[in-house]
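# Coordinates in review
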Amino acid sequence: MRWEPLLLIILMAGLSGLLIVATGGKHRWFALLVLSYLTGLAAILFTPISFDGTGIYIMPIGIGRVNLTNLDVFNLGFLENIILTIPLGLLLKWALPKLSLFGVGFCGLFVGSSVETIQYVLSHHWLINRSSDINDVLANALGIVIGGLAVAAFYRLTASHRQRPERVAA
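Here is a short report on the structure shown in this document. Please read all numbers here as calculations on a predicted model, not as lab measurements. (Residues numbered from 1 in each chain as written. Predicted model: local features only at pLDDT ≥ 70, side-chain atom pairs only at ≥ 80, totals over all residues. Heavy atoms only, no water.)

### Looking at the side chain of Thr 47
What counts here: Counting from the N terminus, the helices are the DSSP runs of H or I reaching at least four residues and the strands are the DSSP runs of E reaching at least two. We call two residues in contact whenever any of their non-hydrogen atoms come within 4.5 Å of each other.
Here Thr 47 lies in the loop between α2 (28–46) and β1 (49–51). Beyond its immediate chain neighbours, meaning those up to four positions away, Thr 47 contacts Pro 5, Leu 6, Ile 9, Ala 42, Ile 128 and Arg 130.

### Quick notes on the environment of His 124
Note the following rule: A 3.5 Å cut-off defines polar contacts: any pair of N or O atoms within that distance qualifies, except that in protein one atom must be a possible hydrogen donor and the other a possible acceptor, and neighbouring residues in sequence count only when both atoms are side-chain atoms.
Examined against the element boundaries, His 124 turns out to sit in helix α4 (residues 101–126). A polar side-chain atom of His 124 sits 2.9 Å from the main-chain carbonyl oxygen of Tyr 120.

### Description of the pattern of salt bridges
Stated formally: Salt bridge, as used here: a side-chain nitrogen of Lys or Arg that lies within 4 Å of a carboxyl oxygen of Asp or Glu. Exposure classes here rest on a 1.4 Å probe applied to the protein chains alone. A residue is buried below 20% of its type maximum, exposed above 50%, and partly exposed in between.
Inspection of the entire model under this criterion finds 1 salt bridge. A salt bridge links Asp 133 to Arg 65; the shortest N-O distance between them is 3.7 Å. With a gap of 68 residues between them, Asp 133 in strand β4 (residues 132–133) and Arg 65 in the loop between β2 (56–58) and β3 (66–67) connect regions that are remote in the sequence. The exposure class assigned to Arg 65 is partly exposed, which follows from its relative accessible area of 48%.

### Concerning the packing of aromatic side chains
What counts here: Working definition: rings of Phe, Tyr and Trp (its six-membered ring) pair if their centres are within 6.5 Å, and the pair is stacked with planes under 30 degrees apart, edge-to-face with planes over 60 apart, and tilted otherwise.
This model, assessed by the stated rule, comprises 3 aromatic pairs. Ring geometry for Trp 29 versus Phe 30: centroids 5.8 Å apart, planes at 75 degrees, classification edge-to-face. For the ring pair Phe 154 and Tyr 155, a centre distance of 6.3 Å and an interplane angle of 50 degrees mean the geometry is tilted. A relative accessible area of 28% means that Tyr 155 is categorised as partly exposed. Put simply, the rings of Trp 29, Phe 30 and Trp 94 touch in pairs and so form one group of aromatic residues.

### Some remarks on unusual backbone geometry
Located in the positive-phi region is Leu 127, a residue other than glycine, with phi close to 55 degrees. Here Leu 127 is to be found in the loop between α4 and β4. Of the residues examined, Leu 127 reaches a relative accessible area of 34% and is grouped as partly exposed. Residue Asn 129 is not a glycine yet carries a positive backbone phi of 60 degrees. Along the chain, Asn 129 falls in the loop between α4 and β4. For Asn 129, a relative accessible area of 14% corresponds to the buried category.

### Notes on the nonpolar core
We apply this condition: Only buried residues count toward a nonpolar core, which is a set of Ala, Val, Leu, Ile, Met, Phe, Trp, Tyr and Cys residues joined through side-chain atoms within 4.5 Å.
The biggest cluster of nonpolar side chains holds 14 residues, and the ones touching the most others in it are Leu 41, Leu 45, Phe 46, Leu 88, Leu 122 and Ile 144. Considering every element that reaches this core, the biggest residue donor is α2, with 5 residues. What Leu 45 contacts, discounting residues up to four positions off in sequence, is Val 115, Gln 119 and Arg 130.

### Thoughts on the environment of Ile 20
Looking at where Ile 20 falls in the secondary structure, it is placed in helix α1 (residues 4–23). Its relative accessible area of 17% is what places Ile 20 among the buried residues. With 15 residues separating them along the chain, Ile 20 and Leu 35 place their C-alpha atoms 9.4 Å apart.

### Notes on α1
The periodicity of an α-helix, 3.6 residues per turn, causes residues three or four places apart in sequence to face the same way. For clarity, the threshold we go by: Expected span, for any helix, means 1.5 Å times one less than how many residues it has. The arc in question is traced by the directions running from the helix axis to the C-beta atoms.
Taking 1.5 Å of rise per residue, 20 residues should cover 28 Å, and α1 covers 28 Å from first to last C-alpha, within 8% of that figure. The set of residues buried in α1 consists of Pro 5, Leu 6, Ile 9, Ala 13, Gly 17 and Ile 20. Mapping the buried residues of α1 onto a view down its axis gives an arc of 95 degrees, with all of them on the same face. α1 presents Leu 7, Leu 11, Met 12, Leu 15, Leu 18, Leu 19, Ala 22 and Thr 23 as exposed residues on the side facing more than 90 degrees away from its buried surface. Its buried side turned inward, α1 meets α2, β1 and α4. After α1 finishes, the residue Gly 24 shows a positive phi value of roughly 70 degrees.

Below, the structure is given as structure tokens:
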């Protein structure tokens, strides 16, 4: 029963992968790379599988804990959550280039809150023992903003590079 979310994730990822391969397309490899990232992210977030920075392990059966008040942003887990969500910010700003950085930040808070809420519900329904933590919400939002900033900086640099006239060697 605890492994139903993982089976659902694998099923959806497999079907999506088949659809990507079957339809082909110019950027098939990129779509498969994004699918792999999202599948791995979903497996880490919504199953009893956990990663502590040094190894992967199985969480014991339980309902997890909830932390809505104790801020602790100076630890390895906070940094891991930021790094884990930077690609989401890259993808968000790449897919929606006109979205402001404020909008990216709002989306980051929404995604972080949604992940923690889903973890809470799944933890109580399937006993996957995932914690719901305000620090994770903030770290996820910060990672998404950093990814969005990176893409915005890339767009700005490439736009200014295209506007400069080429120097002619004399």
